[in-house]
Amino acid sequence: MTFRENADGVGQVSLQQAGRGRPRSRRPGGAGGGRGVPGIEMGDSVATAAMPRFPRLWAALKFVAPLLFLVLLWEVVVKAFGVEPRIFPSVEAVAGAGLETMQDGTLVRHIGASLWRVAVGTSLAIAVSVPLGVAMGLSPAVSIFLTPLFRFFSVLAGIAWIPIATLWFGYGFGAITFVIFNAVFFVVAYNTLLGVSRIPMALRQAAASLGAGGWAMLTQVILPGALPNIVTGVRTGLGFAWRGLIAAEMIATNVGLGYMLFLARDFYRTEVIVFGMIVIGILWLLIDRLLLAPLERATIERWGMVDRA
Amino acid sequence: MKVLLLKAWSLYVRWTARYPAVRSIVPFIPLVALWAAIAEAGVFPRAFLPGPVEVAQSFGTLVYKGILPEYLEDSVVRLVVGAAAGVALGIPLGVLVGLNARAREMLWPVLLFFQAIGDIAWLPILLIWFGFSLTTMTFVLVYTVLFPVVLNTALGVRSVPEDLRRAARTLGASPARVVWEVILPGSLPNIITGLRNGLGFGWRALIATEIIVGTSGIGFLMFDARRAGSVVEILLGMIVLGLLWYIVDGWVLAPIERATGQRWGLVTRE
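Since the model is a prediction, treat every value here as computed from it, not as a measurement.

Caption draft 1: Representation of the domain arrangement of chain B within the structure. The domain boundaries assigned to chain B delineate domain 1 (2-40) and domain 2 (52-269). For domain 1 of chain B and domain 2 of chain B, the distance between their C-alpha centres works out to 33 Å.

Caption draft 2: Inspection of the nonpolar core at higher detail. Within the largest apolar cluster, 134 residues are counted, with the highest numbers of intra-cluster contacts made by I162, V179, V184 and V188 of chain A. With residues up to four places along the chain from it excluded, the contact list for V188 of chain A reads A125, I126, S129, V130, G133, I230, G233, V234 and G237 of chain A.

Caption draft 3: Representation of helix α7 (residues 162-169) of chain A within the structure. Those residues of α7 of chain A that fall on the buried side of the exposure criterion are I162, P163, I164, A165 and T166 of chain A. G170 of chain A occupies a position one or two residues after α7 of chain A and carries a positive phi of about 80 degrees.

Caption draft 4: Seen up close, the confidence of the model for chain B. Scored by pLDDT, chain B has a mean of 84; 96% of the residues are at 70 or more. Taken over the whole predicted complex, pTM reads 0.77, whereas the ipTM for its chain interfaces reads 0.79.

Caption draft 5: Here's a closer look at the interface of chain B and chain A. Taken residue by residue, the interface counts 50 residues in chain B and 52 residues in chain A. Elements supplying a minimum of two residues to the side of chain B that touches chain A: α2 (20-25), α3 (28-41), α6 (101-117), α7 (123-130), α8 (134-159), α10 (175-213), α11 (218-228) and α12 (231-264) of chain B. If you tally residues by element for the side of chain B that touches chain A, the top one is α6 of chain B, at 10 residues. Class assignment of the residues belonging to the side of chain B that touches chain A gives a composition of 36 nonpolar, seven polar and seven charged.

Conventions we followed
Residues numbered from 1 in each chain as written. Chains lettered and ligands numbered in written order. Predicted model: local features only at pLDDT ≥ 70, side-chain atom pairs only at ≥ 80, totals over all residues. Domains from an automatic or database assignment. Core = buried A, V, L, I, M, F, W, Y, C linked by C-beta atoms within 7 Å. Buried ≥ 20, exposed ≤ 12 C-beta atoms within 10 Å, placed from the backbone. Contact = placed C-beta atoms within 7 Å. Helix = DSSP H or I, 4+ residues; strand = E, 2+ residues; numbered from the N terminus. pLDDT = per-residue confidence, 0-100. Nonpolar A, V, L, I, M, F, W, Y, C, P; charged D, E, K, R; others polar.

Shown next, in the form of structure tokens:
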């Protein structure tokens, strides 16, 4: 929840800055201020706003530029100080490793294995935990009673289950999917429980007195009301699951991104490790920014009013 | 029957109102009972799912041998050191990113990207750099705690209303004093939230590093037990971890968060 604002980090940077008025931009007159002053704000933001034709593209460029600068810095430092490739690879070496793993198909295989596990574990967890969370949240007594239990288990969720998961399921697909399932399950169930129990009783009673039956109540009051919480839960849970995935793959499998990194360590192939780290970072950014954050924002805008009631 | 249940429930509600601790303990009783019943019934082989009594016994022996307190101390010390370093680095960086638009434009994408890489993905290269050592573990922990703290501090700094800063400036406060007396208190609730998130991630990262680096600590205890095939000790490790975090989060961090929210939180409400 606290990360909500960074959620718009990519798309809306320029907009927000214009609206917010950074230190030097004086706030025009008392009552009418704030919003409808495009004329005045224009002069201020002309420097940054020379791009109204492709605002998204510009924002993306602005986002990528510092990263490109970082790559440049890395190249210069490695070259200037002659860093040993066993300590840290050069940019070309990493690009070469990337190309090599792409060509011989290992990269696709590892990414495929990792994503498949995440997809299976997550969808199973959501399918089980949302109905369970709703069922538990409906009665205030039950939800008060069960909240500590779910807090306890969502604390344990994920990585702490790796040892016992490998023992129960053996090394491989089963254990890792279980860890992911686990990480998502408890967090989502707990958040659903919270979301449902926070729907004001008045709203439910109002719907009931207007003649809503059980099904209508569920689909039109309970689920929409709890949706923002559910989506936030999924986002948090997936964050834990992703880390759990990498950890579990290092420990307990022979395919997947984590394994790719850990195998490269055995041969001191830092270029493969660094390439793998970049892939992991980009993948997570894509999942989080392009899938989860927009979803979260959309549900909050659409249904979030319940929180404020 | 129903009357009895209702009576019991009302008693429970009254007790939890008087002693809030009851509420966080009682729900575990039926759970443990269920666990004991399943283990007793022999649905799963004993080696796969031992009962609570065995776990309690192994708790006794491990404490008696001094292994558990030592490992626990190792883990907690690592967590505290890592968190302290992460906060010490994260707050200044967060204030910088929050106050300076140029720094934010430069650093924000970098921060997001490095946060996305995730602590555990650093392990292989850290193992090459530092070997299986304490440095590796500390690095991972600092890394984990750092990002939530930086991002949330920056958010908090930006949520301090411009007017308050200007007011303090007009009254003659130096920029340093503005940071110290306006910005930091104003963003404190966010900082604490960041710390809480960071510790949540750090806690998990610690377990993973202890499993992989494996010299001591609760994570190591669990994985060592796994190698020996002793489910009892794995379960014990999990319970200790859960309890410890439950206590730290529920009795230390959450109250601090609530207190700062009440004391300084008004600033964010505008």
